[in-house]
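Structural overview
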Amino acid sequence: MAEDDDLPVVSFGSLMTEGTTLSRRGQHDKALGCFNDALKLRAGDKHCLITRSKCFLKLGDTENSLKDAEASLQIDKTFYEGLYQKAETLYTMGDFEFALVFYHRGRRLRPDLHKFQLGINKAEEAIVNCIGNPSSVKLESKEELCFVSRQAELRSKKDNQKQQNKPKDQKDKKQMKKKSPKTEQQLLGELYADKAFLEKLLKDEDLMQSCTRQGIKVMDLVLDGISYLNRRRDFWQQQKPIYARVYERKVLRQERKQDKKQKPSDISRSIEKNMEDIDLSLARGSAEESCRKAERLLKKIQAWSEKEVPNKNELIGNLHSCIGNAQLAMGQMEAALRSHKMDLDCARQNSLTDAVSRALDNIGHVYARIGKFQQAINTWEEKIPLAKSSLEKAWLFHEIGRCYLELEKAEKAQDYGQKSLQAADEEGDVEWQLHATVLVAQAQVKLKDYRSAILNFERALEKAKLVPSEAAQNGIIAALDNVSKSFIAELEKNPHEDRPFSENIKITPGNREEKEKGEQHAGN
C-alpha cells in the first residue's frame, strides 16, 4: 500500500497535454498511448476522441481514425470538430464524395471557419480530377444503384476507355498535355526539373531507339519515369489541390506583411498623403470617393498602436470629421451628424480644443441644413469662447444671427448681425462686412424699422461694389426697392408722423443724384 501511495497521480488533463505535445513533436505512437489512458479515465470524451482520431490518421490508420470521429458525433451530432475530422479522414481514404457531404455539414454549422470552405473546394477539385467534369458524364437511373457503385462504375469506364488500343507513349504524351507547365511546377516542386529533362530526352530520336546492356529500350525507361511523375502529380493534386496551395501562400504573404512593421516616419508620410487625397477628392466634388478613402484610412489607423502613430486619437477625430463632411455633401444628414458627434466625443476625451471647435462648427452646420435652427444656435454659441480670430467671430455671429432670423427672432438677429459687423470691421474684411450689414438690414425690415433698414441696405450696396459682386448688388437694389415701398406705404397711413429721415428714401442709386441736385437748388 505504501508503494501505491508513492505513485504519482495522473489526471485526464495531464494525459491530454502530454499526448498533444508528443503529437506535435511527431511521436504519434507515444501520443496514442496517452490518449488511450486518458479515455480510460474519462470514457467517451469527444475532444479526446478527436485528438486520438488525428493521431490515428497521422499513423495511416484511417479505419480507427474514422471510428473515433464517428464516436464523437454519436455523443454530439453538432460537434463541428467531429464533422471536420470525419471529412478529413474520408478525404484521405479517397471517399471524396462523402467527405464533401461532411464538409458541407460543417460549414452550415460554422460558416465563420474557413477550413470547411477549403475542404469543400479541395474535395470538389479531387472529384473532378478522378472522374472528369460532371457535365461530361451521363448516369443511367437503375434500381438498387447506390452512390458508391455509381462512382466505381464511372471509374472503371474511364479506365477502360484509356486502355483501349492506345500505345504507351501516346498515352503518356496525352497526360503531359493535361496540365499547364505552371500548374505542374506548383504540384511537383523540385521534381518538375526532372520531368522537364525526361521530356527533353524524348525529342532525341536516336537515343530513344537505343537499348541498355540488359536489352531494355531507353524510350521505355524514359516513359516509365514520366508516367511515375504524372502519377505523383495527380496524387498531390488530390491531396492538396491548387486552390489550397494558393490560399496558403496568400495567408503566408499576409502574415509576412503584418510581421514587417513600418517605421513611424513612413507611416506618418503615408497618412499625410492619404489625408491630402481625401481633401482633394472632396474639393473636386467626389464626396463618395472621399468618404471611402477616409473610412479605409480610419480602419488602418485604429489597427496601429500609439507607438506607431503618436497622434492616433487626433487623427481618428479628424477622419470622423472628413467622413462627416463627405456625408453632408452626399445629402446623408443623419450619418453626417453621427460622424461629427463622434469627432466631438473624441476631441473632448483627449482635451483637443481645436478639434472641439471644429466639431461644434460642423454639427451646427448640419443642424442648420436640416432646419433645426435652435440646436444650431445652441451648438454655435458653445463655440463662441473657442473662436480665436475676429474673422472667425464674424462668420460665427453671422450664422447665429441668420438662424435667429429664420426663427422670427428679429431682435436677436439684429444683435448678432451688429456683433458680426463689429468683428468684420476689426478684421477689415469687406466681404463679411457686406454679409453682416445685409443681415442687420433684413432684421430691421422684420422689426419694421424701415428708415434704418434703408440706410443699412445702402451701406451694403457700397460694400457690394467694393467686393465686387454684381449678384449682390442686384439683390440689394431689389431689397431697397421693396423696403422703400413699404416705408412709403407706412407714411401714407400715418401722414402726421414726424419724418426726419423721409428724404433718405432711395429706390435706386439714381435717386441719390436727384436728391443732391435738390439740396443744391434749395441752398441757392
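Refer to the preceding data block for the structure.
Bear in mind the structure is a predicted one, so any value in this text is a computation, not a measurement. (Residues numbered from 1 in each chain as written. Predicted model: local features only at pLDDT ≥ 70, side-chain atom pairs only at ≥ 80, totals over all residues. Heavy atoms only, no water.)

**Points about the overall build of the protein chain**
Across its full length, the protein chain holds 27 helices and zero strands. The burial tally for the protein chain puts 37% of its 524 residues in the buried class. (Helix = DSSP H or I, 4+ residues; strand = E, 2+ residues; numbered from the N terminus. Buried < 20%, exposed > 50% of the residue type's maximum accessible area, 1.4 Å probe, protein only.)

**With respect to the packing of helix H22 (residues 390–406) against helix H23 (residues 410–427)**
Two numbers describe how H22 lies on H23: the axes approach to 8 Å, and their chain directions differ by 165°. Looking at the two axes, H22 sits roughly antiparallel to H23. Crossing angle aside, the handedness with which H22 passes H23 is left-handed. Contacts between H22 and H23 involve Ser-390, Leu-391, Lys-393, Ala-394, Phe-397, His-398, Ile-400, Gly-401, Tyr-404 and Leu-405 on the former and, on the latter, Lys-412, Ala-413, Tyr-416, Lys-419, Ser-420, Ala-423, Ala-424, Glu-426 and Glu-427. Looking at the contact of H22 with H23 residue by residue, the classes come out as 10 nonpolar, four polar and five charged. (Axes fitted to C-alpha atoms, helices over the stretch in contact; angles between N-to-C directions. Parallel < 35°, antiparallel > 145°, perpendicular 65-115°, else oblique. Left-handed = near helix turned anticlockwise from the far one by under 90°. Contact = heavy atoms within 4.5 Å. Nonpolar A, V, L, I, M, F, W, Y, C, P; charged D, E, K, R; others polar.)

**Quick look at unusual backbone geometry**
Phi is positive for Glu-408, close to 65°, though the residue is something other than glycine. Considering the arrangement of structural elements, one finds Glu-408 in the loop between H22 and H23. Its relative accessible area of 57% is what places Glu-408 among the exposed residues.

**Section: the packing of aromatic side chains**
For the structure shown, the criterion picks out five aromatic pairs. Ring centres 6.0 Å apart and planes at 45° place the aromatic pair Phe-397 and Tyr-416 in the tilted group. A residue pair is termed long-range when its members are at least 10 positions apart, and Phe-397 in helix H22 and Tyr-416 in helix H23 qualify at 19 residues. Both residues of the pair, Phe-397 and Tyr-416, belong to the buried class. Following the ring pairs from residue to residue traces out a cluster consisting of Tyr-84, Tyr-103 and Phe-116. A cation sits over an aromatic face here: Arg-42 above Phe-12, 4.0 Å from the ring centre. (Phe/Tyr/Trp six-rings, centres within 6.5 Å; stacked < 30°, edge-to-face > 60°. Lys NZ or Arg CZ within 6 Å of the ring centre and 35° of its normal.)

**Some thoughts on the pattern of salt bridges**
On inspection of all chains with the given rule, the structure shows 20 salt bridges. In this structure, Asp-45 engages Arg-42 in a salt bridge whose closest nitrogen and oxygen atoms are separated by 3.9 Å. Judged by its relative accessible area of 15%, Asp-45 is buried. Residue Arg-42 is classed as partly exposed on the basis of its relative accessible area, which comes to 44%. (Salt bridge = Lys/Arg side-chain N within 4 Å of Asp/Glu carboxyl O.)

**Let's talk about the packing of H23 against helix H24 (residues 430–446)**
Between H23 and H24, the shortest axis-to-axis distance is 8 Å and the interhelical angle comes to 160°. The angle between the axes of H23 and H24 places the two elements in the roughly antiparallel class. H23 and H24 meet at a crossing whose hand is left-handed. Contacts between H23 and H24 involve Ala-410, Ala-413, Gln-414, Gly-417, Gln-418, Ser-420, Leu-421, Ala-424 and Asp-425 from the former and Trp-432, Gln-433, Ala-436, Thr-437, Leu-439, Val-440, Ala-443, Gln-444 and Lys-446 from the latter. Of the residues assigned to the contact of H23 with H24, the class counts are nine nonpolar, seven polar and two charged.

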